[in-house]
Amino acid sequence: MNWDDDSIVEAAETDARIVGASAEGDDQAVEAALRPKDLSEFVGQEKVRQQLDLVLKAARQRGATADHVLLSGAPGLGKTTLSMIIAAEMNAPIRITSGPAIQHAGDLAAILSSLQEGEILFLDEIHRMSRPAEEMLYMAMEDFRVDVIVGKGPGATAIPLELPPFTLVGATTRAGLLPPPLRDRFGFTAHMEFYDPSELQRVIHRSAGLLDVEIDPHGAAEIAGRSRGTPRIANRLLRRVRDYAQVKADGVITREVSEAALSVYEVDSRGLDRLDRAVLEALLKLFGGGPVGLSTLAVAVGEERETVEEVAEPFLVREGLLARTPRGRVATPAAWNHLGLVPPQAAGPAATPSGQQGLFGA
């Protein structure tokens with residue numbers, strides 16, 4: 001990776017598209033209303049749900065705090081929701097903070113020293129925490145104790161501070177950036193997978209009920225198929241389709257209404273939006289399917305390099321529409337089919353992969 005973590009996060013935070021997986025502003029308030037309150041309501045992630053249920057039930061039977069939990073996976077898959085469910089299942093309060101907010105060991109010490117016994121501390125984007133705070137967290141997780149340094153230089157003194165037992169729930173979109181000593185201190189780790197369309201349909205039907213929206217199975221299936229395997233995106237698309245149904249139709253979400261609404265918002269049948277299609281069209285029409293360098297592709301699209309690399313490409317690669325190779329970005333046959341274009345190789349034996357005539361006509 002050529003870009004540091006801060007650049008990656010900055011690019012992700014600017015992903016305000018309708019199919020973006022980040023939640024900002026009004027999205028956060030609506031998400032809070034749609035979140036399931038316990039594990040029985042949580043849709044999808046069956047293995048994680050079963051394993052977590054055992055961990056929490058065993059802790060309740062022992063009358064002890066639950067083991068520390070690490071949740072990893074792409075944005076929008078339910079990590080924050082699961083942290084709140086853990087607190088509800090353990091009948092404990094929850095404290096929510098994030099890695100970027102803890103830049104000094106003193107910041108973490110202040111949070112830890114104010115925790116109640118059994119409280120859940122949810123630390124989002126834990127991989128972005130500063131190194132001094134991270135090292136303090138090792139002792140807090142293992143021994144429920146931190147050493148507070150008072151003074152500077154040779155006269156500095158370490159004062160041990162005992163902490164009440166608590167459960168740390170860490171969430172990360174980049175588990176590979178966590179140092180092994182921190183990962184090893186979590187008693188339970190879980191990776192959140194992308195959702196199947198059938199699971200997303202269940203999410204959509206549940207959310208439609210909470211929003212008091214009438215939706216038929218075909219309408220839900222159409223929205224689910226364009227939601228990129230992410231419940232957060234599914235709920236956002238549902239709200240936009242609801243608006244269209246209210247203004248342009250009779251308020252009922254059918255397949256036809258979903259198709260018309262998502263066409264207005266430029267989300268196609270595979271969940272690609274304007275930026276995704278712009279990247280593919282530049283790759284196919286301007287560069288004959290590649291290979292082409294990332295910087296050249298970004299200039300052709302009129303976007304920053306990190307926007308193309310961290311916002312558009314991951315989904316295109318996951319969908320099998322684009323490949324990253326040592327020579328550059330290359331379109332797959334599925335990309336040509338999706339845009340209804342004919343690959344240069346199919347246009348005639350004299351065509352090269354770039355779509356240009358060979359130097360000697362061969």
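Residues numbered from 1 in each chain as written. Predicted model: local features only at pLDDT ≥ 70, side-chain atom pairs only at ≥ 80, totals over all residues. Heavy atoms only, no water.

Trainee: Please explain the sheet that holds strand β6 (residues 167–172) as it appears in this structure.
Mentor: One key point about sheets: their strands pair by backbone hydrogen bonds, in either a parallel or an antiparallel sense. Here 5 strands make up an open sheet; going across it, the order is β2-β3-β6-β1-β7 and the pairing parallel. Both outer strands of the open sheet, β2 (94–98) and β7 (188–191), are each paired with one neighbouring strand and no more. The sheet shows a mean angle of 15° between the axes of neighbouring strands, direction not considered. When strand β3 (residues 120–124) meets β6, the two strands line up parallel, connected through 4 bridges. From the neighbouring strand, Leu123 faces β6, where its bridge partner is Gly170. Across the sheet, helix α3 (residues 46–62) is in contact with β1 (69–72) and β7; its angle to β7 comes to roughly 165°. (Pairing = 2+ DSSP bridges. Helix = DSSP H or I, 4+ residues; strand = E, 2+ residues; numbered from the N terminus. Axes fitted to C-alpha atoms, helices over the stretch in contact; angles between N-to-C directions. Contact = heavy atoms within 4.5 Å.)

Trainee: Would you mind showing me how to read the pattern of salt bridges here?
Mentor: Oppositely charged side chains are able to pair whenever their charged atoms sit close together. Within this structure, the stated rule accounts for 17 salt bridges. Its salt-bridge partner being Arg185, residue Glu142 comes within 3.2 Å of it at the nearest N-O pair. Remark: Arg185 occurs in the loop between α7 (180–183) and β7 and Glu142 occurs in helix α6 (residues 131–143); sequence separation between them is 43 residues. Put simply, Arg329 and Glu313 hold a salt bridge, and the shortest N to O gap is 2.8 Å. You can see Arg329 sitting in strand β11 (residues 328–331) and its partner Glu313 sitting in helix α14 (residues 305–318), a full 16 residues away along the chain. Look at Arg329 and you get buried, because its relative accessible area is 11%. (Salt bridge = Lys/Arg side-chain N within 4 Å of Asp/Glu carboxyl O. Buried < 20%, exposed > 50% of the residue type's maximum accessible area, 1.4 Å probe, protein only.)

Trainee: For this particular structure, what's the right way to read the environment of Leu108?
Mentor: Topologically, Leu108 is positioned in helix α5 (residues 105–113). The sequence separation of Leu108 and Thr97 amounts to 11 residues, and the corresponding C-alpha distance is 10.0 Å. Setting aside chain neighbours within four positions, we find Leu108 in contact with Ile102, Ala133, Met136 and Leu137.

Trainee: What's the story with the nonpolar core in this structure? I'm lost.
Mentor: Soluble globular proteins tend to bury their nonpolar side chains together. Counting 46 residues, the largest nonpolar core has Leu52, Leu82, Ile86, Ile204, Ile215, Ile223 and Ile253 as its most contacted members. Looking at which element gives the most residues to this core, the answer is helix α10 (residues 231–248), with 6 residues. Dropping the residues within four chain positions of it, Leu52 is found in contact with Leu39, Val69, Leu82, Ile86 and Phe188. Leu112, Met136, Val146 and Leu178 belong to the second largest nonpolar core, which has 24 residues in total. (Core = buried A, V, L, I, M, F, W, Y, C linked by side-chain atoms within 4.5 Å.)

Trainee: Just to check I follow, could you spell out the packing of helix α8 (residues 197–210) against α10 for this structure?
Mentor: Any two packed helices are characterised by how steeply their axes cross, that is the angle between the axes, and by the distance between the axes. Relative orientation of the contacting elements α8 and α10 amounts to 45°, with a least axis distance of 10 Å. Taken together, the axes of α8 and α10 are oblique relative to one another. Considering the relative orientation of α8 and α10, their crossing is right-handed. Here Leu200, Val203, Ile204, Ser207 and Ala208 of α8 come into contact with α10, specifically with Pro231, Ala234, Asn235 and Leu238. Split into classes, the residues belonging to the contact of α8 with α10 amount to 7 nonpolar, 2 polar and no charged. (Parallel < 35°, antiparallel > 145°, perpendicular 65-115°, else oblique. Left-handed = near helix turned anticlockwise from the far one by under 90°. Nonpolar A, V, L, I, M, F, W, Y, C, P; charged D, E, K, R; others polar.)

Trainee: Even after reading the chapter, I still don't get the pairing of β11, so can you show me in this structure?
Mentor: Looking at chain direction, strand β10 (residues 322–325) and β11 are connected through 4 bridges and run antiparallel. Paired with Leu322 across the strands is Ala331, a residue of β11. Between β10 and β11, which pair antiparallel and follow one another directly, the connecting turn spans 2 residues.

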